[in-house]
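Chain by chain, the residues run as shown.
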Amino acid sequence: MHQKLIIGGVDEAFNVPWKRVIQRKPVLARGLEIEWQDFAGGTGQIMRALNANEIQVATVLTEGVVSDIYKNNQSRIFSSYVISPLEWGVHVHENSPCQQISDIRDAVIAISKFGSGSHLMPILNAYENHWDVHA
């Protein structure tokens, strides 16, 4: 009997170990084929695929699966893959006039996509600094 397990995630360095193991086909002799699927659309796309049973396992940010569970989808957290929290920072060019956090109060902030961590972190930073996030 042959079974197929599809694991999905973003194309990031922390998923390289999955890809390397899958390339070796470690359990194919036991009738299990493991496949990796990249999701360029990030957490939202991964969660839609998981809920549609297009993949069976996902490596995804915890905040994304918690949000998905809150929406009454059928996801569940099976295990932690990385136990240290992501560390976010404020980064500027070395010649930037911004030298302290208050210098970015009205600055344009670059994000990867709406709803992502890079979108949420500046909002949290604004709240922490008592700035108007609706400005």
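Everything here concerns the structure above.
Residues numbered from 1 in each chain as written. Predicted model: local features only at pLDDT ≥ 70, side-chain atom pairs only at ≥ 80, totals over all residues. Heavy atoms only, no water.

## Structural notes on the nonpolar core
Next, step 1: Among the nonpolar cores identified, the biggest contains 8 residues, and these are Ile 6, Phe 39, Ile 46, Met 47, Ala 49, Leu 50, Ile 55 and Val 65.
Next, step 2: Leave out the neighbours within four places in its chain, and Phe 39 touches Gly 8, Gly 9, Val 10, Gln 45, Ile 46, Ala 49 and Ile 55. (Core = buried A, V, L, I, M, F, W, Y, C linked by side-chain atoms within 4.5 Å. Buried < 20%, exposed > 50% of the residue type's maximum accessible area, 1.4 Å probe, protein only. Contact = heavy atoms within 4.5 Å.)

## Some remarks on the side chain of Lys 19
Next, step 1: Examined against the element boundaries, Lys 19 turns out to sit in helix H1 (residues 16–23).
Next, step 2: At 3.2 Å, the side chain of Lys 19 and the side chain of Asp 38 are in polar contact.
Next, step 3: Non-local contacts of Lys 19, meaning those with residues more than four positions away in its chain, are made with Asp 11, Trp 36 and Asp 38. (Helix = DSSP H or I, 4+ residues; strand = E, 2+ residues; numbered from the N terminus. Polar contact = N/O pair within 3.5 Å; in protein donor to acceptor, adjacent residues only side chain to side chain.)

## Quick notes on helix H2 (residues 42–51)
Next, step 1: Where H2 is concerned, the buried positions are Gly 42, Ile 46, Met 47, Ala 49 and Leu 50. The buried residues of H2 occupy an angular sector of 160° when projected down its axis, which confines them to one face.
Next, step 2: Where the residues of H2 are buried, they touch strand E1 (3–9), strand E3 (57–58) and helix H3 (62–70).
Next, step 3: Looking one or two residues past H2, Asn 53 carries a phi angle of roughly 60°, positive in sign. (Arc of directions from axis to C-beta.)

## Thoughts on the pattern of salt bridges
Next, step 1: Following the criterion strictly, the structure yields 3 salt bridges and no others.
Next, step 2: Across the pair Lys 4 and Glu 35 runs a salt bridge whose closest N-O atoms are separated by 2.8 Å. Of the two residues, Lys 4 is situated in strand E1 and Glu 35 in strand E2 (residues 32–38); the sequence distance between them amounts to 31 residues.
Next, step 3: When its relative accessible area of 27% is taken as the criterion, Glu 35 is described as partly exposed.
Next, step 4: In this structure, Lys 19 engages Asp 11 in a salt bridge whose closest nitrogen and oxygen atoms are separated by 2.6 Å.
Next, step 5: By relative accessible area, Asp 11 is classed as exposed at 55%. (Salt bridge = Lys/Arg side-chain N within 4 Å of Asp/Glu carboxyl O.)

## Here's the deal with the side chain of Ser 75
Next, step 1: Counting through the fold element by element, Ser 75 comes out in the loop between H3 and helix H4 (117–128).
Next, step 2: Look at Ser 75 and you get buried, because its relative accessible area is 11%.
Next, step 3: Within the structure, Ser 75 has its side chain in polar contact with the side chain of Asp 68 (distance 2.4 Å).

## A few points about the sheet that holds E3
Next, step 1: Strand order in the open sheet formed by 3 strands is E2-E1-E3, with parallel pairing between adjacent strands. Only two strands of the sheet have a single partner each, and these edge strands are E2 and E3.
Next, step 2: Sheet topology places E1 next to E3; 2 bridges connect them, and they run parallel. Counted as the bridge partner of Ile 7 is Val 57 from E3. (Pairing = 2+ DSSP bridges.)

## Some points on unusual backbone geometry
Next, step 1: Phi is positive for Asn 53, which is not a glycine, with a value near 60°.
Next, step 2: Topologically, Asn 53 is positioned in the loop between H2 and E3.
Next, step 3: Looking at Asn 53, the relative accessible area reads 56%, which means it is exposed.
Next, step 4: Phi at His 130 takes a positive value of approximately 60°, unusual for a residue other than glycine.
Next, step 5: Within the secondary structure layout, His 130 lies in the segment after H4.
Next, step 6: The class of His 130 is exposed, set by a relative accessible area of 71%.

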